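Here is how the chains run, residue by residue.
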Amino acid sequence: MTSSTTALPARPRRTPRRAATAAAAALAGLVGSLALAAPASAVTQASAETQFRAAGITWTSSGGCTDRTVPTCTSFDGLRQTSVDGAITLKRASGCALTITGGTETGHAGGTYSHSAGYKLDFSRTSCLTSWVQRTYTYVGQRSDGAALYRAASGNEYADEGNHWDVTYYTCGC
């Protein structure tokens, strides 16, 4: 009695080099698709007002206006949706009354992550908000202008400018 065996084809062995190459290709594909992604969307004045109102966030303007080109107005025109979402997250998490005193209107310092670029909002400084920020976020030192700077785990930054909080929203903080 003889038996015959059929050899199965050998499975290709995954070598560290092959795994690294596959990982690099996957990463390159991901980075390539991110590079083509549209920038964060900006909202209109009306859209931001609707969202803030629904969340119970109020705003005030020393000039009683919303014109982005007038420094005494409080404008949301061109505000990033991430900043709107960040303010709503802050309101829900802190339980504090929030009043926005500054948005995308002219008159603020410029830069990549500025008010005019839609990354920043100013909030009235209240004891509730101040206590929340100081208790919840990490103090990381003073900003170049001397404002005490606190950083959330999300990366968003809260600067105590004395009479208001200047908040930079890199993420929604969700």
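This report concerns the structure included in the present document. For clarity, every value in this text was computed on a predicted model and none was experimentally measured. Every chain begins its residue count from 1, and numbering advances along the sequence as written. Where local features are concerned, this predicted model is filtered to residues with pLDDT of at least 70; where side-chain atom pairs are given and counted, the filter is 80 or more; whole-chain, interface and lining totals use all residues. In computing side-chain properties, one takes all heavy atoms of the structure into account and sets aside hydrogens as well as water.

**Digging into the overall build of the protein chain**
Heads up, the condition is: Each helix is a run of DSSP H or I of at least 4 residues and each strand a run of E of at least 2, with the numbering of both proceeding from the N terminus. Summary of the burial criterion: residues with accessible area below 20% of their type's maximum are buried, those above 50% are exposed, and those between are partly exposed, where the area comes from a 1.4 Å probe applied to protein chains only. Residue contacts are counted whenever heavy atoms from the two residues lie within 4.5 Å of one another. Per-residue accessibility takes into account occlusion by the displayed protein chains alone, with areas from the Shrake-Rupley method and a 1.4 Å probe.
A count of helices and strands for the protein chain gives four helices and seven strands. The N-to-C order of helical and strand elements in the protein chain reads α-α-β-α-β-β-α-β-β-β-β. The proportion of buried residues among the 174 residues of the protein chain is 36%. Intrachain contacts of the protein chain at a sequence separation of at least 6 include 57% that bridge at least 24 residues. Carbon and sulfur atoms make up 55% of the accessible area of the protein chain, which amounts to about 10,200 Å² in all.

**Comments concerning the packing of helix α2 (residues 45-55) against helix α3 (residues 81-94)**
This is how the line gets drawn: Simply put, an axis is a line fit to the C-alpha atoms, just over the touching stretch for a helix, and the angle between two N-to-C directions goes from 0 to 180 degrees. Oblique is the label for any angle not covered by the other classes, which are roughly parallel (under 35 degrees), roughly antiparallel (over 145) and roughly perpendicular (65 to 115). Each residue gets one label: Ala, Val, Leu, Ile, Met, Phe, Trp, Tyr, Cys and Pro are nonpolar, Asp, Glu, Lys and Arg are charged, and the others, such as Gly, are polar.
Viewed as axis vectors pointing N to C, α2 and α3 meet at an angle of 10°, and their least axial separation amounts to 10 Å. In this view, α2 runs roughly parallel relative to α3, as classed from their interaxial angle. Between α2, through A48, Q51, F52 and A55, and α3, the contact on the second element is made entirely by Q81, V84, D85, A87, I88 and K91. Here the contact of α2 with α3 is composed, by residue class, of six nonpolar, two polar and two charged.

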